[in-house]
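So you can see what is in the structure, the chains are spelled out below.
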Amino acid sequence: MNTLNTSLHKPFEDTRLNSREISFNEIPVIDLTKLIDGSDPQSVADQIGDVCERIGFLYIKDHGVDQGLVERMAELTKQLFDLPMAQKQKMNIVHSAQTLRGYIPMYGENVDPDNTKDFKECFDYGQHDDVVEPFFGPNLMPEHWVEFKEVAEQYHDEMLKLARKLISAIALSLKLPADYFEKLQRKPITIQRLLHYPPQAGEIRQEEIGIGAHTDYGFLTILAQDANGGLQVKNREGDWISAPPIPDTFVVNIGDLVQTFTNDRYISTLHRVINTSGRERYSMPFFIDLDFNAQVSVVDTCQSEHNPPKYESYTCGQHKYKRFVDSYEHLKNLD
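The structure displayed is predicted, hence computed values, not measured ones.

Asker: I'd like a rundown of the pairing of strand 11 (residues 231-234), residues and numbers included.
Answerer: The pairing of strand 11 with strand 14 (residues 271-273) spans 3 bridges and is classified as antiparallel. Across the sheet, residue Val233 finds its bridge partner in strand 14, namely His271. Of the strand pairs in this sheet, strand 11 and strand 12 (residues 240-242) are connected by 3 bridges, and their pairing is antiparallel. Its bridge partner lying in strand 12, Val233 is registered against Ile241.

Asker: Tell me about the environment of Ala163, and please be specific about residues and values.
Answerer: Mapping Ala163 onto the fold places it in helix 5 (residues 146-173). Distance from Ala163 to Tyr217, taken between C-alpha atoms, is 16 Å for residues 54 residues apart in sequence.

Asker: Talk me through the pattern of salt bridges; I want residue IDs and the actual numbers.
Answerer: Under the definition given, this model contains 15 salt bridges. Between Asp118 and Lys120 there is a salt bridge, with its nearest N and O atoms 2.9 Å apart. The burial state of Asp118 is the same as that of Lys120; both residues are buried. Among the ionic pairs, Lys187 bridges to Asp129, the shortest N-O distance being 2.7 Å. On the criterion of sequence distance, the pair formed by Lys187 in the loop between helix 5 and strand 7 (190-197) and Asp129 in the loop between strand 6 (121-125) and helix 5 is long-range, its members being 58 residues apart. For Asp129, a relative accessible area of 17% puts it in the buried group. Sharing partners across several salt bridges, the network here consists of Glu109, Asp118, Lys120, Asp124 and Arg193.

Asker: Any details on helix 5? Residues and values, ideally.
Answerer: Because each turn of an α-helix spans 3.6 residues, side chains separated by three or four positions in sequence point in the same direction. In a regular helix each residue adds 1.5 Å, so 28 residues correspond to 40 Å; helix 5 covers 41 Å between its end C-alpha atoms and thus fits that length. Just downstream of helix 5, Lys175 is the residue with a positive phi angle, here 60 degrees.

Asker: Requested: an account of the packing of aromatic side chains, with residues and values cited.
Answerer: By the definition in use, this model includes 12 aromatic pairs. Ring geometry for Phe123 and Phe148: centres 5.9 Å apart, planes at 75 degrees, overall edge-to-face. One end of the pair, Phe123, is in strand 6; the other, Phe148, is in helix 5, with 25 residues separating them in the sequence. The cationic tip of Lys183 hangs over the ring face of Tyr180; the distance from NZ or CZ to the ring centre is 3.6 Å. The aromatic ring of Phe136 is capped on one face by Lys187, whose charged end is 4.8 Å from the ring centroid.

Cut-offs applied
- Residues numbered from 1 in each chain as written.
- Predicted model: local features only at pLDDT ≥ 70, side-chain atom pairs only at ≥ 80, totals over all residues.
- Heavy atoms only, no water.
- Pairing = 2+ DSSP bridges.
- Helix = DSSP H or I, 4+ residues; strand = E, 2+ residues; numbered from the N terminus.
- Salt bridge = Lys/Arg side-chain N within 4 Å of Asp/Glu carboxyl O.
- Buried < 20%, exposed > 50% of the residue type's maximum accessible area, 1.4 Å probe, protein only.
- Expected span 1.5 Å × (residues − 1).
- Phe/Tyr/Trp six-rings, centres within 6.5 Å; stacked < 30°, edge-to-face > 60°.
- Lys NZ or Arg CZ within 6 Å of the ring centre and 35° of its normal.

In structure tokens:
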């Protein structure tokens, strides 16, 4: 397990946006070799469990995903957002109804609407499905761009394989069978998101930053970020810690579902993005949840007579869809 050394970040005029870049071990780098090849998954699981308990964010290396595929997907992401606005608007997420696939223009989604307008544009897709229902259905892909569709689908599939490996490690870390969560993820909700954050300069205020402070709604997130930085994570002491890019790694964080399953033993951590690099920032987060109708409830190994469940059972899809209704106006108008 490695740690990251960084330098002091120039302070913002709006002190609410300050973060520390220090020598720290809150966001460690974990080598996945023995998990991916199956030689000692428990040792990797124990490391992941320790980090999930203390911070909820980690870097992973030797993860088994071809770096050439990551770099090609990143290049196509830049090309996607460089398309004319009229072409992007043809893929606007409002045209996908409950499927929630397609292009999201600037300010089209705000994850912390009481405090922040998100200065970003997005593109969401998942596994293609002919039946339209919440989080499932056809993707809204760019017309006549075969390479983008093929590479995007390949990248999604690789992220799904990696996510399943990581989820098996989380199960092992909780003293559960490695396949414990598989019965809840036969057809999981997945979203592969592509993000573009324009640079911000001058006096930057919390009221408008790349993406406002939020926890992820689902189970697990795997993030590929470019070299420009901007991701910040809030630690247990309430300090914002920068999570700079490290070559050939992904950033992984757990979401609200894991915090429920573990009865707050593992923490879904607040994070945000502020792009002050002076350059366009791109990132590619992959989100995996459970099946739409899967029940979320505290697992047996995280409760006892002296530590009873803090959460009532709820359904994954209904929980997630309600959060999206709060973010997207077009959902409020659907029957």
